[in-house]
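# Report on the structure
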Amino acid sequence: TYGTGTDLLNRRHVDTDAKDGLLMEKYPMEGFLPFSDVIVRDPLGKRVDASDIPEGAVGVVTYGTGVAEALRAQRKATGGDLEGFYIIDTPLLSDVPQQLAEEVLPKLSAVLFADVCKDGQHPYATTVTRLQSKRLLPSNWECISATPSYNPLGTTLTFTNTDDIIQGLEKLHRNQSNNNALRSRGVANAAERFAEEQQ
């Protein structure tokens, strides 16, 4: 069958028209990648160390073909409210990578888990549950997954794609805007009550 793994092995480019070769990198860059580690890409799609993620950043946590789709989403989202997110590639799916829990998530103000598997069968359901039970998720998070339907052989029709990731990021942005508006109203209401009390 033609699955996400086969699709990823056949991909060479983030932008197939430009034939950029950006998916032809060594994985990992050198040596071996411990199960506890993640691979981070900055808002320009370049690999960086997890310690380079600034406080308050937005992250897309994904794996496999989701990494290529997130890279495409970075390119498509330039110039808007969604610009500037980090991609966190988690090769370990059977548990929460230690570096994700201890080093990456504490820096993020919002995170989108973009799972390439179908809803109900996706590994990030377990990941999110484990992180939430330990109170390690930021208050603004979402999890998306592939369409829960049959995928015709030889296609990537139902795979998690660039538009799914952008829609997930838009929802994160709306959540943040709503939270900020609620906070502002709460501060304004508190200021009004304080002014009334002072009279």
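Our subject is the structure listed above.
Residues numbered from 1 in each chain as written. Predicted model: local features only at pLDDT ≥ 70, side-chain atom pairs only at ≥ 80, totals over all residues. Heavy atoms only, no water.

### Describing helix 4 (residues 123-133)
Inspection of helix 4 places Pro123, Tyr124, Thr127, Val128 and Leu131 among the buried residues, and these make up the whole buried set. For helix 4, the arc enclosing every buried residue in end-on projection is 130 degrees, short of the 170-degree limit, so these residues lie on one face. Opposite its buried face, helix 4 presents the exposed residues Thr129 and Ser133, each directed more than 90 degrees away. Residues of helix 4 that are buried make contact with strand 3 (57-62), helix 3 (98-104), strand 5 (108-118) and strand 6 (140-146). (Buried < 20%, exposed > 50% of the residue type's maximum accessible area, 1.4 Å probe, protein only. Helix = DSSP H or I, 4+ residues; strand = E, 2+ residues; numbered from the N terminus. Arc of directions from axis to C-beta. Contact = heavy atoms within 4.5 Å.)

### Concerning the environment of Gln74
Mapped onto the elements of the fold, Gln74 is located in helix 2 (residues 65-76). Residue class for Gln74 comes out buried when judged on its relative accessible area of 8%. Measuring from C-alpha to C-alpha, the distance between Gln74 and Ile165 comes to 9.6 Å, with 91 residues separating the pair along the chain. Excluding residues that lie within four positions of it along the chain, Gln74 makes contacts with Arg41, Asp42, Pro43, Leu44, Gly45, Phe85 and Ile87. Reaching out from Gln74, the side chain makes a polar contact with the backbone nitrogen of Gly45 at a distance of 3.4 Å. (Polar contact = N/O pair within 3.5 Å; in protein donor to acceptor, adjacent residues only side chain to side chain.)

### Description of the side chain of Glu142
Topologically, Glu142 is positioned in strand 6. Filtering out sequence-adjacent residues up to four positions away, Glu142 remains in contact with Val111, Leu112, Phe113, Lys171, Leu172 and Asn175.

### What about the pattern of salt bridges?
Taken as a whole and assessed by the stated rule, the structure comprises four salt bridges. Across the pair Lys171 and Glu142 runs a salt bridge whose closest N-O atoms are separated by 3.5 Å. Of this pair, Lys171 sits in helix 5 (residues 162-198) while Glu142 is found in strand 6, placing the two residues 29 residues apart along the sequence. Since its relative accessible area comes to 37%, Lys171 is described here as partly exposed. (Salt bridge = Lys/Arg side-chain N within 4 Å of Asp/Glu carboxyl O.)

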